[in-house]
Amino acid sequence: MEPLICHSLVYWCSTGAGGWSPLDSDHYQWLQVDLGTRRQVSAIATQGRYSSSDWTTKYRLLYSDTGRNWKPYHQDGNIWAFSGNSNSESSVRHELQHGIVARFLRLVPLDWSEEGRIGLRIEVYGCFYWADVINFDGQGVISYRFKVKKMKIIKDVIALRFKTSESDGVILHGEGQQGDYITLELDKAKLLLQINLGSNQYGSILGHTSVTTGSLLDDNHWHSVVIERYRRNVNFTLDRHTQHFRTNGEFDHLDLDYELSFGGMPYSGKPGGGGKKNFKGCMESINYNGDNITDLARRKKLDTSTFRNLSFSCVETHTFPVFFNATSFLQLPGRANHNTLSVGFHFRTWNPYGLLLFSNLDDGTLEVSLKDGKIAVHINVTNAARNYRADLTSGSGLNDGQWHAIRLVAKENFAMLTIDGDEASAVRSTSPLSITTGGTYHLGGRRDTSTQSFQGCMQAILVDDQPADLHAVEKGTVGAFENVSLDMCAIIDRCMPNHCEHGGRCMQTWDGFSCTCDGTGYTGATCHTSIYEPSCEAYKHLGRSSDTYWIDPDGSGPLGPFKVNCNMTGVLFFVISLLALVTNEGCGTPNLVSMAIAEYCEQHIAYSCRMSRLLNTPDGTPYTWWVGRGNEKHFYWGGSGPGIQKCACGIDRNCTDAKYDCNCDADAKQWREDSGLLIYKEHLPVSQVAVGDTNRPGSEARLTVGPLSCQGDDNYWNAASFTTPSSYLHFATFQGETSADIAFYFKTSAPYGVFLENLGNTDFIRLELKSPHVVSFSFDVGNGPVELTVQSTTPLNDDLWHRVTAERNVKESVLLVDQVYRASRPAPAQGHTRLELFSQLYVGAAGGQRGFLGCIRALRMNGVTLDLEERAKVTPGVKPGCQGHCTSFGMYCQNGGKCVEKYNGYLCDCTATAYDGPFCTRDVGGFFEAGALVRYSFLPEAVAGASRDSRMLTHEQKAREVNLTKEEVAFSFSTSSAPAILLYVSSKTRDYLAVVLRPNGSLQVRYNLGGLREPFTINVDERNLANGQTHTIKMSRVDRSVTVQVQTGHVDPLLIESYNTPGFIGCLSRVEFNGIAPLKTALRAKSSAATDANTDKQTDSSSPAAHLGKLVESNCGASPLTIPPMSAATDPWHLDNTGGSEL
């Protein structure tokens, strides 16, 4: 574009050629440019003063239509400071992030050459701008009449620009007799769009949709609005910020009658429009579905009869705002030595505290301040007789950014404070008081005070009933000011757009904002990071047991967390409860996300019927169908599959009537049922079921839809192995402009390597292992490179899995390693906030520089898990998956459980332990009734007819294991009965080991190792352990051999008679003997063996364990050790120092 030819108004210029340089170099100088008419400006370039030491290093840009009411240029949510020149000759050009439309520009130098003074030459780039403008006086309304009486509209595009100093007013409105309507209005300086396309249920009330955007729109500056609707999908854009939403109700058309009104509501609107104010201000470029409304009004093609005086130029207001920062004050003269004080002004701010006005009275002080969002007035008068004081407080929440009016009148024995013109709620004081004005007023602060200064804007200032002459103040002929911006209100709503994500509440002050994340399920400076794990698999690896958990499958993504039931035992499942069949669109969206990551899903469905046909098989039209994902109808039933119009019995060919493929299709008068599992994941979950054949006399049906159950987590174990330093995976450009989070696991034996990288022109983002102990997170959003590092106390290249989480948003950046090592850094208060990238995302270093060697898994960026495995299948130097999970996770397999490698994870094999569960931590035990026992045969006898090899194997086992030189015994028990035998190991000889409860409940261990006349007895504890509580026994012996006989052997009849009548009654769990879990083996054999109907005895010929009597599985509430270890004095083997026992 060609540079514009401009006229410049130059103030305080020095003599000489080559540019502008004011006589005084301070922060009160500015250069103003008149472009002659409104133009669209897209770029600006600056130089210093020609051949001098004068240049400007930093400046602000203000713009205006009229040379009044200036607006600062904003970028990235801040009043932008442009970088200028470093010498007098080079040119620095800035493309505006968004163009501006204005006639007047002001450049305000902020910093300048240390070698000279302010110096400036400028060039402005842009193009011509023209638009039809209509001035709305608050009375007139433009009516756009439709060509037909009723319009059934499926698509709308409405665009316009407006400016106003009013906080309320209807901009456009249309309605229909069926209850449809559309209204766009200002409500407390925010833009409110209300739309109703109608609804089948409860009339049209359920179709009402209301969306609010923007704030501070009463600033008398231009704002652009675009509404795009197609059916129920709406894009609502204000000043380049777009909200996407979907209207409520079921209908797609907007049914309007007669007309669409701009500027007000000629009739009472359906959403309670009676009494709403019309719009007062200016609109331009009004366009409705391709029709230029402003042009039609100019050509008198529309009804404008309600206007008293229709004007096609914008009538400007005469307000003169004043902008205060933390170090500002404005001094104004008043009327001195008068007995009545009267002040008033309008203000707006976000801060709850600040000094608004101060005056030294002739014999006292006046102070008006904002305290906790309320107005507080303190008047102190002191004379020779006494001290008089009047305190007034009024209002609340006045720091909401809206304009509020204050009026204070004080005279003898009377003071009154009025807020926002509400005389009815004015606060009065009749305290004894004598007023004599001092003649000078300070607004916004004063030099000699510790009181917090006011940050915000004021206008309509009245001092002693006279409007303040701020033009004279600007010229320096009246009053004084410091660090004040005149004829400008630079207030910013830092909560609009709202950077607090996931429903976080935005709280702001003048300088910044903070997010309250309570109750959202998210955390962090912007409520970006989910506090929940993405799946049951993740909870499992935190050591959690089966329970109900909140999961968040897409993490920081748009979908919120939801509850699932996690079954951690055996094959891991998570269950999503569907409490009701929903009939609307968008059902089960969280379920779809959780299903996408699952390896397998199923949902049970059942149809019980009596004279109610189901699928009308074999060839009829189905009476019943179900709706799944994507609102598609499906005509197969549980136990069958897609495209097969059958039920489970039709697949298995066992329907009650072989002529049909569903039991219910036989139309029998008896109750029948068709049920089964739906397992085609792409069709689930079931959202609706349509039941058709229930209208005939005698027809009945019951429908049951179970919860959605899914297994596994494909994302959690999605991994890739990088085998060469030059190997990498590439993905689409990472989209994380204002908020980005990255999480993954890695393991490596290499000392360094780049995990991932994405580049822009100057922007970039990178995560890297810089050394064996250091992880680095670096990025640049335009303010210069930023690097966060964390240092681990242990090496990170130990070939174990380590977790890395990094987040960067407009408030801060955070790096977290292994949930322990953390680094953070706040974002700069002023500066760029958008991360602009264009290259592909590289996982592993591109180009082989500091390439990563090792494994990366579960890489998730802004809630999206990257499919590393799929990309690795077609990438040289990268392999899908990663071996060696047990190296990192084997520690989770407890109590002797063995870690077993899987392609996509690992599992704990608990077969050889007395425990169960995903980590071998769940106790396995049983409740014994009277007469019950478990017998475990260590060495099975050779079976008749067995092969020679098997008999030889049995002989070898006997030879190896007949002589035991040590025992390791552990179990837990609880009982209220004594005496009892807890454990008995027998042999064909007289050798045995027994653990018994004596009649008094004390615990005794008996050994008979041969060579002794009597068994050696250890009285472990004299306390009564038959007290119903759980006790844990751990005992070991080394040497003193014991001979063990297989299946049958010598049993001490006296011991059995004394302690086994009526036998042990209670619970035993965790039973282990020399690496064998006899009780667990018996229970597992019990659960899998066939039951003999005539006896309680259950046997399994393949199992070495059997039980007699009634045995019920239970963990017995086993708890940690409750009896202290046996002392050495009572240890029978302590003299040999070869072992010991503990309980």
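Residues numbered from 1 in each chain as written. Predicted model: local features only at pLDDT ≥ 70, side-chain atom pairs only at ≥ 80, totals over all residues. Heavy atoms only, no water.

Per an unreviewed UniProt entry, the recorded name for the chain is Contactin associated protein 2, and the organism is Gouania willdenowi. The chain has a UniProt comment under Sequence similarities (unreviewed entry) that states "Belongs to the neurexin family." Word for word, the UniProt comment on the chain under Subcellular location (unreviewed entry) is "Membrane". (UniProt positions renumbered as here; feature names shortened; annotations may be inferred.)

## Digging into the overall build of the chain
Scanning the chain from terminus to terminus reveals 10 helices and 78 strands. Of all 1143 residues assigned to the chain, the portion counted as buried reaches 50%. Summarising the internal contacts of the chain: among those between residues at least 6 apart in sequence, 69% fall at separations of at least 24. Entry remark: accessible area of the chain is about 52200 Å², with carbon and sulfur atoms responsible for 49%. (Helix = DSSP H or I, 4+ residues; strand = E, 2+ residues; numbered from the N terminus. Buried < 20%, exposed > 50% of the residue type's maximum accessible area, 1.4 Å probe, protein only. Contact = heavy atoms within 4.5 Å. Areas by Shrake-Rupley, 256 points an atom, 1.4 Å probe, with all protein chains shown as cover.)

## So, a negative patch on the surface
Among the surface-exposed residues, D400, D420, D422 and E423 lie close enough to one another that they form a single negatively charged patch. Mapped onto the fold, D420 is located in the loop between strand 30 (414-419) and strand 31 (427-429). A residue is classified by how much of its surface remains accessible, and D420, at 41% relative accessible area, is partly exposed. (Patch = residues over 30% accessible without salt bridge, like charges linked within 9 Å, V, L, I, M, F, W, Y side chains within 5 Å. Salt bridge = Lys/Arg side-chain N within 4 Å of Asp/Glu carboxyl O. Lys, Arg positive; Asp, Glu negative; His and termini not counted. Charge placed at Lys NZ, Arg CZ, Asp CG, Glu CD.)

## A word on the state of the cysteines
Taken as a whole and judged by the stated rule, the model has 14 disulfides. A disulfide bridge connects C282 with C314, and the sulfur atoms are separated by 1.8 Å. When the S-S torsion is 95°, as for the bridge of C282 with C314, the disulfide is right-handed. Separated by 32 residues along the polypeptide, C282 in strand 21 (residues 280-288) and C314 in the loop between helix 1 (293-298) and strand 23 (322-333) bring together distant segments of the chain. Residue classification places C314 among the partly exposed residues on the basis of a relative accessible area of 22%. Through a disulfide, C910 is tied to C920; the S-S separation comes to 2.0 Å. Its torsion about the S-S bond being -90°, the disulfide of C910 and C920 is classed as left-handed. With C910 in the loop between strand 64 (905-909) and strand 65 (915-916) and C920 in the loop between strand 65 and strand 66 (922-923), this pair connects stretches of sequence that are 10 residues apart. As far as the burial class goes, C910 and C920 line up, both buried. (Disulfide = S-S within 2.5 Å.)

## Details of the pattern of salt bridges
For the structure on display, the rule yields 35 salt bridges. E89 serves as the salt-bridge partner of R121, at 3.8 Å between the closest nitrogen and oxygen. Note that R121 is positioned in strand 9 (residues 121-128) and E89 in the loop between strand 7 (82-83) and strand 8 (92-112), a separation of 32 residues in sequence. Judged by its relative accessible area of 23%, R121 is partly exposed. Among the residues examined, E89 registers a relative accessible area of 38% and is labelled partly exposed.

## Topic: unusual backbone geometry
With an omega of 0°, the peptide bond between M496 and P497 qualifies as cis. Mapped onto the elements of the fold, P497 is located in the loop between strand 35 (480-486) and strand 36 (505-508). Phi is positive for N483, which is not a glycine, with a value near 55°. With respect to the helices and strands, N483 occurs in strand 35. With a phi angle near 60°, N616 is a residue other than glycine that sits in the positive phi range. Among the secondary structure elements, N616 is positioned in the loop between strand 43 (600-610) and strand 44 (625-627).

## Concerning the sheet that holds strand 71 (residues 992-997)
The sheet built from 4 strands is open, its strands ordered 70-71-72-73 with antiparallel pairing. Only two strands of the sheet have a single partner each, and these edge strands are strand 70 (980-985) and strand 73 (1016-1021). The sheet shows a mean angle of 15° between the axes of neighbouring strands, taken without regard to direction. Two strands pair when backbone bridges link them, and strand 72 (residues 1003-1008) and strand 73 are joined in this way by 5 bridges, in the antiparallel orientation. (Pairing = 2+ DSSP bridges. Axes fitted to C-alpha atoms, helices over the stretch in contact; angles between N-to-C directions.)

## Regarding the packing of aromatic side chains
Each aromatic ring pair is specified by the distance between its two centres and by the angle formed by the two planes. Scanning the model with the defined rule gives 29 aromatic pairs in all. Seen from their ring centres, Y59 and F82 are 5.4 Å apart, and the 15° between their planes marks the pair as stacked. A residue pair is termed long-range when its members are at least 10 positions apart, and Y59 in strand 3 (residues 56-64) and F82 in strand 7 qualify at 23 residues. Like F82, Y59 is buried. Among the aromatic residues, those joined into a ring-pair cluster are F722, F744, F746, F755 and F852. (Phe/Tyr/Trp six-rings, centres within 6.5 Å; stacked < 30°, edge-to-face > 60°.)

## Some thoughts on the pairing of strand 52 (residues 753-759)
The buried fraction of strand 52 is high, at 6 of 7 residues. Two strands pair when backbone bridges link them, and strand 52 and strand 53 (residues 764-771) are joined in this way by 6 bridges, in the antiparallel orientation. Residue G753 lies in a different strand from strand 53, and its bridge partner there is L769. Here strand 52 folds back onto strand 53, and the loop between the two strands holds 4 residues. Bridging between strand 52 and strand 59 (residues 841-843) involves 2 bridges; their strand directions are antiparallel. By the bridge assignment for strand 59, E757 is matched with Y842.

## Digging into the environment of A472
Considering the arrangement of structural elements, one finds A472 in helix 2 (residues 470-475). Note on A472: relative accessible area 8%, which makes it buried. With residues up to four places along the chain from it excluded, the contact list for A472 reads T477 and V478.

## A short note on the UniProt feature "domain: EGF-like" (unreviewed entry) in the chain
UniProt's entry tags residues 491-528 and 883-921 with the feature "domain: EGF-like" (unreviewed entry), counted in the numbering of this structure. Secondary structure within residues 491-528 divides into 0% helix and 26% strand; the distance between the first and last C-alpha atoms comes to 26 Å.

## Side note on the confidence of the model for the chain
Chain-level pLDDT for the chain is 84 on average; 85% of the residues reach the 70-or-more range. No element of the chain has a lower mean pLDDT than strand 78 (residues 1141-1142), at 28, and none a higher one than strand 3, at 97. Long-range and interchain partners of residues 1-16, a stretch whose pLDDT sits below 50, account for 39 contacts in this model, where long-range means more than four residues apart. Note on residues 1119-1143: pLDDT is under 50 here. Beyond four places in sequence and across chains, it has 54 contacts. (pLDDT = per-residue confidence, 0-100.)

## Remarks on the nonpolar core
Formed by 41 residues in total, the largest nonpolar core has its most connected members in I375, I379 and L443. Those residues in contact with I379 that sit more than four places away from it in its chain are L361, T365, L366, Y388, R389, A390, A410, A415, L433 and I435. (Core = buried A, V, L, I, M, F, W, Y, C linked by side-chain atoms within 4.5 Å.)

## Description of the sheet that holds strand 47 (residues 688-690)
Strand order in the open sheet formed by 3 strands is 45-44-47, with antiparallel pairing between adjacent strands. If you trace the sheet from one side to the other, it starts and ends with strand 45 (633-634) and strand 47, each paired once. The sheet contact formed by strand 44 and strand 47 spans 3 bridges and is antiparallel. Residue pairing across strands places W625 opposite A690, the latter belonging to strand 47.

## Let's talk about the side chain of N85
Looking at the secondary structure, you find N85 in the loop between strand 7 and strand 8. Here N85 is in contact with T46, Q47, G48, W55, T56, T57, S90, S91 and V92, once residues within four sequence places are set aside.

## Here we look at the side chain of S453
As for its placement among the helices and strands, S453 is situated in the loop between strand 32 (440-443) and strand 33 (456-463). At 3.4 Å, the side chain of S453 forms a polar contact with the backbone oxygen of A326. Sequence-distant contacts of S453, defined by excluding residues within four places in its chain, comprise A326, S328, Y353, G354, L355, G444 and G445. (Polar contact = N/O pair within 3.5 Å; in protein donor to acceptor, adjacent residues only side chain to side chain.)

## Side note on the environment of T430
Position of T430 relative to the elements: it lies in the loop between strand 31 and strand 32. Residue T430 is classed as exposed on the basis of its relative accessible area, which comes to 66%. On a C-alpha basis, the gap between T430 and E412 in space is 8.8 Å, while along the polypeptide they are 18 residues apart.

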